[in-house]
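Structural overview for review
Read off the chains here:
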Amino acid sequence: MNVIVGLEIHCQLDTKTKLFCGCSTDYRDDEPNTHVCPVCLGLPGSLPVINRKAVEYALRVAKALHCTVPEESVFARKNYFYPDLDKGFQITQYDRPLAVSGYLDIEGDEGEKRVRITRVHMEEDPGRLVHKGGMDRPRYSLVDYNRAGIPLIEIVTEPDLRSPKEARRFLNKLRATLEYLGVFDSEKEGSLRVDANVSLEGSERVEIKNITSYKGVEKALTFEVTRQKNALRRGQKIVRETRHFVEARGVTTSARSKEMEQDYRYFPEPDLPPVRVAGWVDGIVLPELPDARRQRFMAQYGCSLIHARTLTGDLRLADFYEKVAAGTDPVLAATWVADTLLGELNYRDMPVAAVPSDTFAELVALVQEKSVTDRNAVEVLRILLDQIKEKGSCEGPRACVERLGLRIIGTGAREGDDPLASAAREAIAENPRAVEDYRAGRKEALNFLVGQVMKKTRGCAKPSDVNAVLIRLLSGEE
Amino acid sequence: MAGRTLSFHPDDRFHAFLRTVPDPAFGEGRLSGMPVAVKDNISTAGIETTCASRILTGYVPPFDATVVSLLKKEGAAIVGKTNMDEFGMGSTTENSAFGPTKNPRDETRVPGGSSGGSAAAVAAGLVPLALGTDTGGSIRCPAAFCGIVGLKPTYGRVSRYGLVAYANSLEQIGPMAADVPHVNLLMSVIAGYDPKDSMSLDAPYFHTPSMDVRGTRIGVPEEFFGEGVDPRVASVVWDAISLLERKGAEIVTCRMPSMAYALAAYYVTCMSEASSNLARYDGIRYGPPVDVKKPWHEAFQERRREGFGIEVRRRIMLGTFALSSGYYGKYYAKAQAARQNVRKDFQRLFTEVDVLAGPTMPTVAFRFGEKSDPLSMYLSDILTVPANLAGIPAISVPCGKVEGLPVGLQIMGRWMEDERVIDVAYAYEQGGGP
Ligand SMILES: [Zn+2]
């Protein structure tokens, strides 16, 4: 059974002011209803004026997604009653969107894949309801209009995606593209919302509304595909319906059928003239986008395909990597950023932006100059990240290495005062049985002795060096 | 320095005002110290603005409409808010939630509407200047019925910012006064580009009226003298047109076939837009508080049922129907096509003539209750709505009387030729009109 998925993605455009008024969009840490004016409150007599920057941003997206921008597009009113909707309608675009017929190439389940984009249009965000007194049965709700009028773009795909994982990959690629374009900040709460249409080939289509996280999309789709497959297996029919994704429980639940029958009574917004901006498109200079940057990382830095893809899949990570790679061995830096750092950050749920790139470059340099073992470098990284998480800053990696005495112990130029050799001698002296076993030909005894030496040197020696020294000593060369 | 104030205690026997400002401030400028009445659907900072609707009772705008700012900038004193049909929906001012306004020329009759309060305030001599709004004749109708002058400007020439929307694509704020020079003066203050109104035109209005109409070609559409037009009104208006001819204008009769669909196109458009514009009055932000113990969707429906008058509810329902899926094509889309035809008709006519003339209203002022049937009330707008559908300027100037009641001569002009419309009206007014 083929899975067929199409997405509708709403992204907040990262403009300084709202779509139709001059209010600041930087509302997230502020009191409710402090970023409002007559226009975004929908006060009687107020009129919308389109934010030129928002149109430019939307056009950047349209161009990056290879869309056609029609000569004229039109704003329309979507009419419905909801307490967060201050005017009783949302200004959006309906039958004449800003841009149509584009595509985005992604890494699909079966290699490179082109996902067609149906349309890109602009609209305003409604306000936000805050429910008071319990999640399940709120006693009352308050409305915050700070979010009302934030510019959104809605990107609609054709039903070209074939699995929940592919949908996730598409979203990641789209997010990266939008961030590269400088029009979107994925780290802002509520900056992305997704509706997904999912069906099994030959069955009715189900719409999942309002998924608010990247991971949520894959989870919701996985649940929904399983639910639909099970239903078919039991001989039930899939009903065409709208379902809500309950993030906390990872399930979708049926929405009241009434919501599907909603008639939005779209008609052209009489307070805004048609948007004629096709002529702007040629003047838009797109920045380097993820695909191009990936190619460059491979060519310029010698990154592997997998590292290059990981590093360029996130704008901040790519920028971070380039700063680190500027002063270190780029291939080593790629491993350390893409594999080590990313893993540690994910474990701590920290953004890459929290890590100063020069600090990390210093750590990579320590590894590169063999001043610290890989294992101890990871240990230092963990300490530094924990410090950042705790107090927002951290000591220097070199200082940390010195403080903890983690500087690598070499095999020493001179015998006698060689700390590695003396640790090895100690281990040999303390473990006569292991020595005997080894000499009797039981090679695993050597591993035990290596472990003892590593313990004594607190990991500051490279296992290969320890091995060599032990063999030398045990062979009775001394 | 403390600003100067005016004392304003009018004898408002006709209920022209919903509320007055007893000691309004005024400043320096072209309108220094002149009392101006403002229709109650135009936002005035600090002064309650209700659109004569219960649903907006207690709403005090935190901002001035652009026209009000412009009036203040020229020194005018805002002396009060005038009565109107609720949200502008009506042609008699009987649809005010706060009681009707009487026609100062005959207290048994309506002043016309929906800017009936503004017209009555001027006609009663309470103010020299008033602002009205015209969606389908709401300035020209009461001007005609009360025997004053009222101009509906070219759509976009006067900012709509602060005008509480009824039918956005049709309505304009415009000047009302006892004579053409005062209308011209008020127009020169309120017209001009406003970045807050995206449909605003960059066309300031600086004009000195000229009474010279020699060579002006005046078209008279047959349809403006058709069925439903009181022959006595038609005769008075023809006399006025003849006077203009004697002053050197050239009179050309013509036809305007699109008139057949103008009224339907108008009502479908304005009701559709109204159904959307009035959705914001859901009891959360305006009017008396709703019963918060009820679920929201019940509370807001109740609030709307109680807060809106019958005519407003009728228009919201009809507009909602006209926009609903399955009917959009039949109604809203068709209305826009008919609207295009009206525009084209005007364009064609204006290649042959400079202005069009006819009666403003088919009859003189109605008696109270005479138009209780909504359809017959709608029909009375037939001569004024074409100008709104096309966005062109149109003026009503008093041109005589029938049984002691004023009759208005309507002059419509080319898009952006408000000045010429003013001139022809001025020529008539100065030419020995009644
Ligand atoms: Zn605002």
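Predicted model, so just to flag it, every value in this text is computed and none were measured.

Bringing the overall build of chain A into the picture now. Along chain A, the regular secondary structure elements total 15 helices and 13 strands. Scored against the burial criterion, the 478 residues of chain A give a buried share of 52%. Sequence-distant contacts, at least 24 apart, represent 68% of the contacts inside chain A between residues at least 6 apart. As displayed, chain A has an accessible area near 22,300 Å², and 50% of this comes from carbon and sulfur atoms. Taking the 70 positively charged and 73 negatively charged side chains of chain A as two groups, their mean positions are separated by 3 Å.

What follows deals with the interface of chain B and chain A. Each partner contributes to the interface: chain B provides 39 residues, whereas chain A provides 31 residues. For the pair chain B and chain A, the summed buried area comes to about 2,700 Å², and 60% of that belongs to carbon and sulfur atoms. Across the chain B-chain A interface, the total number found is one salt bridge. The salt bridge involving D271(A) is made with R160(B); its shortest N-O contact spans 2.8 Å. There are 14 residue pairs in polar contact (both at pLDDT 80 or more) connecting chain B and chain A.

Applying the stated criterion across every chain, the model contains 27 aromatic pairs over all chains. Ring geometry for F321(B) and Y331(B): centres 5.5 Å apart, planes at 55°, overall tilted. Residue F321(B) is located in helix 8 (residues 310–323), and its partner Y331(B) is located in the loop between helix 8 and helix 9 (332–352); the two are separated by ten residues in the primary sequence. For F321(B), a relative accessible area of 37% translates into the label partly exposed. In textbook terms, an aromatic cluster arises when at least three aromatic residues are bridged by ring pairs, as seen for Y59(B), F87(B), Y281(B), Y286(B) and F308(B). It is K78(A) that lies over the ring of Y264(A); its NZ or CZ is 4.4 Å from the centre.

Here we take up the sheet that holds strand 5 (residues 77–82) of chain B. Within a sheet, adjacent strands bond to each other through the backbone by hydrogen bonds, running parallel or antiparallel. Residues and elements named next belong to chain B. Strands sit in the order 2-5-4-6-8-7-12-13-11-9-10 across an open sheet of eleven strands; the sheet is mixed. What marks the edges here is a single partner per strand, and that holds for strand 2 (17–20) and strand 10 (250–254). Strand-to-strand twist across the sheet, computed as the mean angle between neighbouring axes with direction ignored, equals 30°. Summarising the sheet, strand 12 (residues 394–402) and strand 13 (residues 405–413) pair through seven bridges and their orientation is antiparallel. What sits directly across from P398, in strand 13, is G408.

This paragraph deals with the coordination of the zinc ion. Residues and elements named next belong to chain A. Protein-derived coordination of the zinc ion comes from C21 (SG), C23 (SG), C37 (SG) and C40 (SG), at a distance range of 2.3 to 2.4 Å. In the primary structure, the donors to the zinc ion are separated according to the pattern C-x1-C-x13-C-x2-C. Side by side, C37 and C40 carry an identical accessibility label, which is buried.

What follows deals with the state of the cysteines. Inspection of the entire model under this criterion finds zero disulfides over all chains. Free cysteine C270(B): the closest other cysteine sulfur is in C141(B), separated by 14 Å.

A few words on the pattern of salt bridges. Using the criterion set out here, one finds 72 salt bridges over all chains in the structure. A salt bridge links D14(A) to K188(A); the nearest nitrogen and oxygen atoms lie 2.7 Å apart. Taken together, the residues span a long stretch of sequence, with D14(A) in the loop between strand 1 (3–12) and helix 1 (52–64) and K188(A) in the loop between helix 2 (164–180) and strand 9 (192–200) at a distance of 174 residues. Residue class for D14(A) comes out partly exposed when judged on its relative accessible area of 28%. Look at K188(A) and you get partly exposed, because its relative accessible area is 25%. Note that R157(B) and D418(B) form a salt bridge whose closest N and O atoms lie 2.9 Å from each other.

This paragraph deals with helix 13 (residues 432–439) of chain A. All names here are of chain A. When helix 13 is considered as a whole, its buried residues turn out to be A434, V435 and Y438. All buried residues of helix 13 lie within an arc of 100° about the axis, which places them on one face of the element. Counted as exposed and oriented over 90 degrees from the buried face of helix 13: R433 and E436. Lining the buried residues of helix 13 we find helix 12 (419–430), helix 14 (444–456) and helix 15 (463–474).

Residue and element names in this part refer to chain A. Domains assigned within chain A are domain 1 (3–283), domain 2 (290–404) and domain 3 (419–474). A straight line from the C-alpha centre of domain 2 to that of domain 3 covers 33 Å. Opposite the five residues of domain 2 that make contact, domain 3 presents six residues. Note on domain 2 versus domain 3: buried area summed over both sides is about 370 Å², and carbon and sulfur give 42% of it. The interface formed by domain 2 and domain 3 holds zero salt bridges in total. There are zero residue pairs in polar contact (both at pLDDT 80 or more) connecting domain 2 and domain 3.

All names here are of chain A. Strand order in the open sheet formed by three strands is 3-2-13, with antiparallel pairing between adjacent strands. The sheet is open, and its two edges are formed by strand 3 (89–93) and strand 13 (267–268), each paired on a single side. Pairing of strand 2 (residues 75–79) with strand 13, which is carried by two bridges, proceeds in the antiparallel orientation. Counterpart to A76 in the pairing with strand 13 is P268.

What counts, and at which threshold
- Residues numbered from 1 in each chain as written.
- Chains lettered and ligands numbered in written order.
- Predicted model: local features only at pLDDT ≥ 70, side-chain atom pairs only at ≥ 80, totals over all residues.
- Heavy atoms only, no water.
- Helix = DSSP H or I, 4+ residues; strand = E, 2+ residues; numbered from the N terminus.
- Buried < 20%, exposed > 50% of the residue type's maximum accessible area, 1.4 Å probe, protein only.
- Contact = heavy atoms within 4.5 Å.
- Areas by Shrake-Rupley, 256 points an atom, 1.4 Å probe, with all protein chains shown as cover.
- Lys, Arg positive; Asp, Glu negative; His and termini not counted.
- Charge placed at Lys NZ, Arg CZ, Asp CG, Glu CD.
- Buried area = accessible area lost by both parts, 1.4 Å probe.
- Salt bridge = Lys/Arg side-chain N within 4 Å of Asp/Glu carboxyl O.
- Polar contact = N/O pair within 3.5 Å; in protein donor to acceptor, adjacent residues only side chain to side chain.
- Phe/Tyr/Trp six-rings, centres within 6.5 Å; stacked < 30°, edge-to-face > 60°.
- Lys NZ or Arg CZ within 6 Å of the ring centre and 35° of its normal.
- Pairing = 2+ DSSP bridges.
- Axes fitted to C-alpha atoms, helices over the stretch in contact; angles between N-to-C directions.
- Donors = N, O, S within 2.8 Å, 3.2 Å for Na, K, Ca; no water.
- Disulfide = S-S within 2.5 Å.
- Arc of directions from axis to C-beta.
- Domains from an automatic or database assignment.

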